[in-house]
Amino acid sequence: MFLRDIISKLGGEAIGEVGRPLLGVGTVAGAADTQITFLANPKYRAALANTDAAAVIVGVNDRDVTSKPRIVANNPYAYFARAAQLFQASNVVAGGIHASAVIHAGAIIASSAWVAEFVSIGANASIGERVQIGAGSVIGENVSIGADSVIAARATIYAHCQIGHRAIVHSGVVIGADGFGFAADFSGSDGCWVKIPQTGRVIIGDDCEIGANTTIDRGAIDDTIIGNDVKLDNQVQVGHNCIIGDHTLISGCVGIAGSTTIGKRVMVGGAAGFTGHLSVCDGAIISAMTLVTKSITEPGMVTGVMPQMNHADWLKNIAHLRRLDKLAGAVNEIKKKGSAT
Amino acid sequence: MFLRDIISKLGGEAIGEVGRPLLGVGTVAGAADTQITFLANPKYRAALANTDAAAVIVGVNDRDVTSKPRIVANNPYAYFARAAQLFQASNVVAGGIHASAVIHAGAIIASSAWVAEFVSIGANASIGERVQIGAGSVIGENVSIGADSVIAARATIYAHCQIGHRAIVHSGVVIGADGFGFAADFSGSDGCWVKIPQTGRVIIGDDCEIGANTTIDRGAIDDTIIGNDVKLDNQVQVGHNCIIGDHTLISGCVGIAGSTTIGKRVMVGGAAGFTGHLSVCDGAIISAMTLVTKSITEPGMVTGVMPQMNHADWLKNIAHLRRLDKLAGAVNEIKKKGSAT
Amino acid sequence: MFLRDIISKLGGEAIGEVGRPLLGVGTVAGAADTQITFLANPKYRAALANTDAAAVIVGVNDRDVTSKPRIVANNPYAYFARAAQLFQASNVVAGGIHASAVIHAGAIIASSAWVAEFVSIGANASIGERVQIGAGSVIGENVSIGADSVIAARATIYAHCQIGHRAIVHSGVVIGADGFGFAADFSGSDGCWVKIPQTGRVIIGDDCEIGANTTIDRGAIDDTIIGNDVKLDNQVQVGHNCIIGDHTLISGCVGIAGSTTIGKRVMVGGAAGFTGHLSVCDGAIISAMTLVTKSITEPGMVTGVMPQMNHADWLKNIAHLRRLDKLAGAVNEIKKKGSAT
């Protein structure tokens, strides 16, 4: 692939040309002389002088930052991502169903879809064109999976759930398990929790990616809904009846309790949490390990995390934190006395 | 199903009767005119005027809150849960073992049990009456699973573990993996961690539910023990040798380090943690994302979480939090001076 | 096994001898009279008087703490761990490949390796001597697994990843799923996230243990690297391009964002987090549920966690925490006035 081949597919302007075909992409520091790299962050400008890369993707303000063959693009990072996809594009899988797969009655599988070994496809499920389903995945009854989606090995999709087009669902994902719903029925020391049947579904839009071992519970009665172009990292937990808006990004280990509504283009840092039955507006940014207990109504960053300290300092400080109310009272006392004199 | 059919099974008093059979349950806002809804929370009383539901389950204090056909029950939420189960009850599975399942020597499987495709049942395992085991699950050697339990697709139960009656184990669950136990054997820069063989079991009582991708480690020498009617949400981690009392509820993403003892009817909020080798008394309530580092000896709610703030406020406040010890010292200084004058 | 058999394998000094063969190990409180126990923590010295154990492993300072048959060792806890391994050692598995396993073209499986039912081994994968691969595991194309490693049931290793010798990989583990990398390509309300292909690998050294449902993402371009003798507990998430040094111990539910570099012999408490693109020096200790947002450059313990309080106290204290900046300002005001008078 030459620069001219890339711009013919992705646009942008080529300045110069590589002497031999590019074989892939690389970082500024790590690229080989057969690779193309990119400059998106100004702080790597100096490092660019030492790159072995054969060519560079640069922004319009950086068009002359190097004399190497280069592509000028409005958004060099997004351009780089798409260029990297081009180098991967040869990985086309032929359709077919492995002999060991179990296809239950009424399931419809597109002829271009690929179903690997030890896959179970439930009754009346619908598997779209060019879908890939990896070894050991279990697709429930009446599930539908849109065209061009990739389900990795060992994922589970419970009955009646829907996944849109071009989804990527990683290994270990569980979509549609029962939400956590019980009615207390105790009197004195007797009684038990009564399970509330979880009869809603999970509905996932187009262009979503669901990270490894992430879980999304089905709705209790209504559905759990994930919009379009939503990206969930690994080990995220989404409770029943959550609604997550388009283009929202949720980092690893986040837990979202039931009936939380998260807007569009929200960004959630790793291991953050949501206590449920609250809403988060479009464009909010939640810092890592922050627990959201109240609805967020304005875009901007919300944070609630104890800062790291060396342990001895922490011990000293939290001793006072445990009696901050008294400290504040003492200050008030002093202020009152001060005003009185 | 008419109201008279429901009360004949669940008790309660019917006032009026629906004109045609009910087909299911629904929320006050979402129920169709073929469904029954419920009123458990007084704040939905007003909304009840607009429900499309054909009938309502109400508490004794709300018997006249609507003129619709209704059932009066002592605990309308628990009644609703049981009514919802009635509508599901037709989902009976015939016993049988899929031809692809691998059953190792000596395993005993009740004839009413159902074993799906790609299931492995270990040697000498014991699978009770009407147990269902979903596709791709792996049941280890000598495991026993009590009657009427449901193991979803793709769960793992390691050798020698025991599960009681009427359990629900969701997809991705791992019961009985090794606990995290190593003895340090280092001198200077040499050495290694020595694995402590984990030879205990996991013993789970009756009526438990284990959420998707939850993990419960086997004991190091003694067993890890989960009581009766314990409900674990998704992605919970229970370390080796924990003991969890009856009717305790543990929300998603909670991590419990080894040798923690949790009492009965404890409620643990999402993403809370326990540092291990401590005990929590019956009836305690742990707030979401709280780290329990000391034993809890009295019922009531325990909390330790940084509140959410807008990021700019947080930055200002934590700057002082990092030197709270000095701030408290300054206040003490002032108080001393004040007393001296 | 007599004491003389143990010391012939593990060294140490035997004092006295058991009257009949030992059958296993036990705790001081729980050991049967056919078992050997150990004393590593001085606080159990008194309890030793009541143990039923037939023999005890003690440290050099405790050689006379009991009159029972005993082994004196420099590190009684590590000695105990190794002794416990001796009692397990008979669990040798014969090599072989289950008839249901699917072995893709070019895969090389050592004749002493054991491959269970419903396992998929990808094209050109390399499985070393005496490796065990449990039921339902999926090993990707070109993966290599070193000799004597144990992959439990239902683990996934994506294509091109490498695992060293003597690894233990528990059920539900996912190694090599895509890292979380997207380039924003939005203008106004239009646009989408562009996936950055994740083309690096995961490279895991020798003697590592990976806990149940833990996930380790493949690198974006360069590799994610786990050193030797690294122990990860359950439900740990390791982001793309992390580097973890030898002998580091990471407890359950820890989340490590991408490009974090963690040194050697680091100990990370449960549910701690790392925000990514930072480094942690050798020998650091991170407390449970602490979020590391800045690099750690000196060994020692780092903590940042809100202490547990009863909920009423917490409410009072955090009210002031939310305006700590103002409280500090008030104190400063008072100090200024004090200096002025």
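Residues numbered from 1 in each chain as written. Chains lettered and ligands numbered in written order. Predicted model: local features only at pLDDT ≥ 70, side-chain atom pairs only at ≥ 80, totals over all residues.

**Let's talk about the overall build of chain A**
The helix and strand inventory of chain A stands at four helices and 38 strands. The globule rule puts the C-alpha radius of gyration for 341 residues at 20 Å, and the 26 Å found for chain A is more than 25% above it. In terms of overall dimensions, chain A has a C-alpha envelope of 85 × 65 × 35 Å along the principal axes. Relative to its full complement of 341 residues, chain A shows a buried share of 57%. If you take every contact in chain A between residues at least 6 apart in sequence, the share linking residues at least 24 apart comes to 20%. (Helix = DSSP H or I, 4+ residues; strand = E, 2+ residues; numbered from the N terminus. Rg over C-alpha atoms; globule rule 2.2 N^0.38 Å. Buried ≥ 20, exposed ≤ 12 C-beta atoms within 10 Å, placed from the backbone. Contact = placed C-beta atoms within 7 Å.)

**Comments concerning unusual backbone geometry**
Residues and elements named next belong to chain C. Phi at Arg 154 takes a positive value of approximately 55 degrees, unusual for a residue other than glycine. Topologically, Arg 154 is positioned in the loop between strand S15 (150-151) and strand S16 (156-157). Within the chain, Met 289 stands out as a residue other than glycine whose phi angle is a positive 55 degrees. With respect to the helices and strands, Met 289 occurs in the loop between strand S35 (284-286) and strand S36 (291-292). Under the C-beta neighbour-count criterion, Met 289 is labelled buried, with 30 such atoms within 10 Å.

**With respect to helix H3 (residues 311-321) of chain A**
All buried positions along H3(A) are accounted for by Trp314(A), Asn317(A), Ile318(A) and Leu321(A). The buried residues of H3(A) occupy an angular sector of 100 degrees when the element is viewed end-on, so they sit on one face. (Arc of directions from axis to C-beta.)

**A few points about the interface of chain B and chain C**
On the chain C side, the residues contacting the 58 residues of chain B number 59 residues. Every element with two or more residues in the side of chain B that touches chain C is listed here: strand S19 (174-177), strand S20 (182-187), strand S21 (190-195), strand S24 (215-217), strand S36 (291-292), strand S37 (300-303), helix H4 (311-321) and helix H5 (324-340) of chain B. Take the side of chain B that touches chain C: its biggest share by element is five residues, from H5(B). Residue classes in the side of chain B that touches chain C are distributed as 29 nonpolar, 20 polar and nine charged. Where S37(B) lies against strand S38 (residues 309-310) of chain C, two bridges are found, and the strand directions are antiparallel. Residue pairing across strands places Thr303(B) opposite Met309(C), the latter belonging to S38(C). (Nonpolar A, V, L, I, M, F, W, Y, C, P; charged D, E, K, R; others polar. Pairing = 2+ DSSP bridges.)

**Thoughts on the interface of chain C and chain A**
Chain C puts 58 residues into the contact, and the matching count from chain A is 59 residues. Within the residue set of the side of chain C that touches chain A, elements represented by two or more residues are strand S19 (174-177), strand S20 (182-187), strand S21 (190-195), strand S24 (215-217), S36, strand S37 (300-303), helix H3 (311-321) and helix H4 (324-340) of chain C. Here the side of chain C that touches chain A gets five residues from one element, more than from any other, and that element is H4(C). When the residues that make up the side of chain C that touches chain A are grouped by side-chain class, the tally is 29 nonpolar, 20 polar and nine charged.

**Let's talk about the packing of helix H1 (residues 3-10) of chain A against helix H2 (residues 76-88) of chain A**
All names here are of chain A. One way to put it is that H1 packs onto H2 with a least axis distance of 11 Å and a crossing angle of 110 degrees. Judged by the angle between their axes, H1 and H2 are roughly perpendicular. Like other packed secondary-structure pairs, H1 and H2 cross with a definite hand, here right-handed. Where H1 approaches H2, its residues Ile 6, Lys 9 and Leu 10 are matched on the opposing element by Tyr 79, Arg 82, Ala 83 and Leu 86. Its residues placed into classes, the contact of H1 with H2 shows five nonpolar, no polar and two charged. (Axes fitted to C-alpha atoms, helices over the stretch in contact; angles between N-to-C directions. Parallel < 35°, antiparallel > 145°, perpendicular 65-115°, else oblique. Left-handed = near helix turned anticlockwise from the far one by under 90°.)

**Some words on the sheet that holds strand S13 (residues 138-139) of chain A**
Residue and element names in this part refer to chain A. The ten strands lie next to each other as S7-S10-S13-S16-S19-S24-S27-S30-S33-S36, forming an open sheet whose pairing is parallel. A single partner strand is all that each edge strand has here, and the edge strands are strand S7 (102-103) and strand S36 (291-292). Judged from the two bridges that link them, strand S30 (residues 255-256) and strand S33 (residues 273-274) form a sheet pairing that is parallel. Bridged to Ile 256 within S33 is Phe 274.

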